[in-house]
Amino acid sequence: MNVTLITTDGIRKKVIIKSFDEARQLVCNYQYNSPAEIIVLESSTFILLDEEGKFKNLEVNKIATSLAQLNEAIYPHDFIVGDVLLIDDIDEFDSLPFE
């Protein structure tokens, strides 16, 4: 599945993921076994991020924060940290194997 990786330094890069676990590891870092969180932007578009990113003091992701605020998916004073995946096909994502 093709998704967009948005890094904290503003780089947007198309990547291919083959499982949910691979997607989770891209945003949650291979060192940790953190859970992933989903923030819905539109009906089939969402951001996948590290649920524990703020506890890990990850850098603010300005692009992801702006996208979420524009879609009123987070509170105006809230922010997103760490690298995220922008996924635009929830049905295809749901059909991915876990591992």
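Quick notes on the rules
- Sequence positions are assigned chain by chain, starting from 1 and proceeding in written order.
- Under the rules for a predicted model, residues below a pLDDT of 70 receive no local features and side-chain atom pairs below 80 are neither given nor counted, while totals for whole chains, interfaces and linings still include all residues.
- Calculation of side-chain values draws on the structure's entire complement of heavy atoms; hydrogens and water are dropped beforehand.
- Any two strands with at least two DSSP bridges between them are considered paired.
- Strands are runs of DSSP state E lasting at least two residues, helices are runs of H or I lasting at least four, and both sets are numbered from the N terminus onward.
- Axis definition: a line fitted to C-alpha atoms, limited for helices to the stretch in contact. Angles are taken between N-to-C directions and run from 0 to 180 degrees.
- Any pair of residues with heavy atoms lying within 4.5 Å of one another is described as a contacting pair.
- Take the buried residues of types Ala, Val, Leu, Ile, Met, Phe, Trp, Tyr and Cys, join any two whose side-chain atoms come within 4.5 Å, and each joined set is a nonpolar core.
- For the exposure calls, accessible area comes from a 1.4 Å probe over protein chains only, and a residue counts as buried if that area is under 20% of its type's maximum, exposed if over 50%, partly exposed in between.
- Each pair of aromatic rings taken from Phe, Tyr and Trp, with Trp reduced to its six-membered ring, is defined by centres within 6.5 Å and is described as stacked if the planes are under 30 degrees apart, edge-to-face if over 60, and tilted in the remaining cases.

1. Observations regarding the sheet that holds strand S5 (residues 84-87)
Move 1: The antiparallel open sheet is built from 5 strands, whose spatial order is S2-S1-S5-S4-S3. The sheet is open, and its two borders are formed by strand S2 (12-16) and strand S3 (36-40), each paired with just one other strand. Here the average twist between neighbouring strands, direction ignored, is 30 degrees.
Move 2: Inspection of the sheet shows strand S1 (residues 2-6) paired to S2 by 5 bridges, in the antiparallel sense. The residue bridging Thr4 from the neighbouring strand is Lys14, located in S2.
Move 3: The strands touched by helix H1 (residues 20-28) are S2, S3, strand S4 (46-50) and S5; relative to S4, the strand with the most contacts, the crossing angle is about 65 degrees.

2. Section: the nonpolar core
Move 1: Of all hydrophobic cores here, the largest spans 14 residues; its most connected members are Met1, Val3, Ile17, Leu48, Leu85, Ile87 and Phe93.
Move 2: Looking at this core, the elements with two or more residues in it are S1, H1, S4 and S5.
Move 3: Residue contributions to this core peak at 3 residues, all from H1.
Move 4: With residues up to four places along the chain from it excluded, the contact list for Phe93 reads Met1, Ile17, Phe20, Ala23, Phe46, Leu48 and Ile87.
Move 5: Membership of the second largest hydrophobic core comes to 11 residues, among which are Ile39, Ile47, Ile74 and Val84.

3. A short note on the packing of aromatic side chains
Move 1: Under the definition given, this model contains 3 aromatic pairs.
Move 2: Between Phe20 and Phe93, the aromatic rings sit 6.0 Å apart at their centres with planes inclined by 70 degrees, giving edge-to-face as the arrangement. Separated by 73 residues along the polypeptide, Phe20 in helix H1 and Phe93 in helix H3 (residues 90-94) bring together distant segments of the chain.
Move 3: Its relative accessible area of 7% is what places Phe93 among the buried residues.
Move 4: With a centroid separation of 5.2 Å and 70 degrees between ring planes, the pair formed by Phe46 and Phe93 is classed as edge-to-face. One end of the pair, Phe46, is in strand S4; the other, Phe93, is in helix H3, and 47 residues separate them in sequence. For the pair Phe46 and Phe93, a shared accessibility class is recorded, and that class is buried.
Move 5: Taken together, the ring pairs in this structure connect Phe20, Phe46, Phe93 and Phe98 into an aromatic cluster.

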